Amino acid sequence: MRVLLEAINISKTYPERTSPSIDDLSLTILKGESLVIIGSSGSGKTTLLKMLNGLVEPTSGSILIHGKDIKSYNISDLRRSFFGYVFQKVGLFPHMTIKDNIKIVLRLAKKPEKFCEEQVRELLDLIRLSPDLYLNRFPHELSGGEQQRVGVARALATDSECLLMDEPFGALDAVTRCELQDEILRLKKKLKKTIVFVTHDISEAFKIGDRIAVMQDGKLEQISSKEAICTAPETHFVEQLVQTGLGNVNFLDGFSGGIH
Ligand SMILES: Nc1ncnc2c1ncn2[C@@H]1O[C@H](COP(=O)(O)OP(=O)(O)OP(=O)(O)O)[C@@H](O)[C@H]1O
Ligand SMILES: [Mg+2]
């Protein structure tokens, strides 16, 4: 598989912080893979995701997209057309209808009005919310899970090459969560996108990920196939995560999706 994104020795120390939130981290993301980033709260997952799409600038190191430094791109264009981003908190505009919440992304990408109208309907169909029922509702008239779906639809709106998803199913019950995980796997197969997916939940990581990156204190503990994470943990932290996190979940069930 071709390399899509590369982080080379990136570090980030936020202003007025003494310790780095990302500490000399390097990783490669392959075109078409789903890479899950897992780690404890505050380990730097959101910061890493935001550095990958230019929302946060590294203090040192570089990000390459298709082999070219991110600085050589127009960052707004990248965020509008190359990346789809699902924020940790869904972030729908409360005073806009569902239609307008999705349309705004398409308008920013300067798509023609007729195309926007059609595309919004298509996207709602894709995430299995009936356009006729949901187009004109406001976010507070949707359940948490439905709002999360709209967040995903919005990230898909611009036909981006790479989806960055920051704990997209964070606060959902197990059943809805499982449904949405299936939806992502279905979309991945159908749309062949590269997905970088952040989670706290190891069973979710094994379900969604082709490869898994484990983070702790701004560093990568290990990045490898899920099989290697389980059978050959490289650090004590990874070993503990697998032991305590998986409990009695049979993660090997997840291997049928293919390992890269
Ligand atoms: N804008 C900011 N200014 C200063 N410090 C920040 C900022 N954003 C994040 N941090 C700090 O950087 C560290 C990493 O934060 P980050 O949000 O990347 O963690 P995370 O792994 O996404 O955590 P969570 O799982 O809770 O979402 C934390 O110590 C956090 O307090
Ligand atoms: Mg976070």
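Calculation notes
Residues numbered from 1 in each chain as written. Chains lettered and ligands numbered in written order. Predicted model: local features only at pLDDT ≥ 70, side-chain atom pairs only at ≥ 80, totals over all residues. Near = placed C-beta within 6 Å. Nonpolar A, V, L, I, M, F, W, Y, C, P; charged D, E, K, R; others polar. Pairing = 2+ DSSP bridges. Helix = DSSP H or I, 4+ residues; strand = E, 2+ residues; numbered from the N terminus. Axes fitted to C-alpha atoms, helices over the stretch in contact; angles between N-to-C directions. Contact = placed C-beta atoms within 7 Å. pLDDT = per-residue confidence, 0-100. Buried ≥ 20, exposed ≤ 12 C-beta atoms within 10 Å, placed from the backbone.

Caption draft 1: Looking closely at the site of ligand 1. As a structural note, the neighbourhood of ligand 1 is formed by Tyr-14, Arg-17, Ser-21, Gly-39, Ser-41, Gly-42, Ser-43, Gly-44, Lys-45, Thr-46, Thr-47 and Gln-88. Split by residue class, the shell around ligand 1 holds one nonpolar, nine polar and two charged.

Caption draft 2: Fine view of the sheet that holds strand β6 (residues 83-86). As summarised here, the arrangement of the six strands in space is β6-β7-β8-β3-β9-β10, forming an open sheet in which the pairing is mixed. A strand with exactly one partner marks an edge of an open sheet, and here the two such strands are β6 and β10 (219-225). Looking at each pair of strands side by side, their axes are set apart by 15 degrees on average, direction ignored. Looking at chain direction, strand β3 (residues 34-39) and strand β8 (residues 194-199) are connected through five bridges and run parallel. Its bridge partner being in β8, Ile-38 is matched across the sheet by Thr-199. Strand contacts of helix α1 (residues 45-52): β3, β7 (162-166), β8 and β9 (211-216), with the helix running at about 155 degrees to β8, the strand carrying the most contacts.

Caption draft 3: Inspection of the sheet that holds strand β4 (residues 60-65) at higher detail. Taken together, four strands build an open sheet; the order of strands is β2-β1-β4-β5 and the sheet is antiparallel. Both outer strands of the open sheet, β2 (22-30) and β5 (68-69), are each paired with one neighbouring strand and no more. The pairing of strand β1 (residues 3-12) with β4 spans five bridges and is antiparallel. In the strand pairing of β4, Ala-7 is matched with Ile-63. Running at roughly 125 degrees to β1, α1 makes contact with β1, β2 and β4 of the sheet.

Caption draft 4: Highlighting the environment of Gly-67. Of note, Gly-67 is situated in the loop between β4 and β5. Remark: the alpha-carbon pair of Gly-67 and Val-3, spanning 64 residues in sequence, is separated by 7.8 Å.

Caption draft 5: Highlighting the confidence of the model for the protein chain. Averaged over every residue, the pLDDT of the protein chain is 88; residues scoring 70 or more account for 93%. Low pLDDT, under 50, characterises residues 248-260; the stretch is placed with 22 contacts to residues that sit more than four places away or in other chains.

Caption draft 6: Structural detail: the pairing of β9. Most of β9 is tucked away, with five of its six residues classed as buried. Pairing of β3 with β9, which is carried by five bridges, proceeds in the parallel orientation. Pairing of Leu-35 across the sheet is with Arg-211, part of β9. Sheet topology places β9 next to β10; six bridges connect them, and they run antiparallel. The residue of β10 that forms the bridge with Ile-212 is Ser-224.

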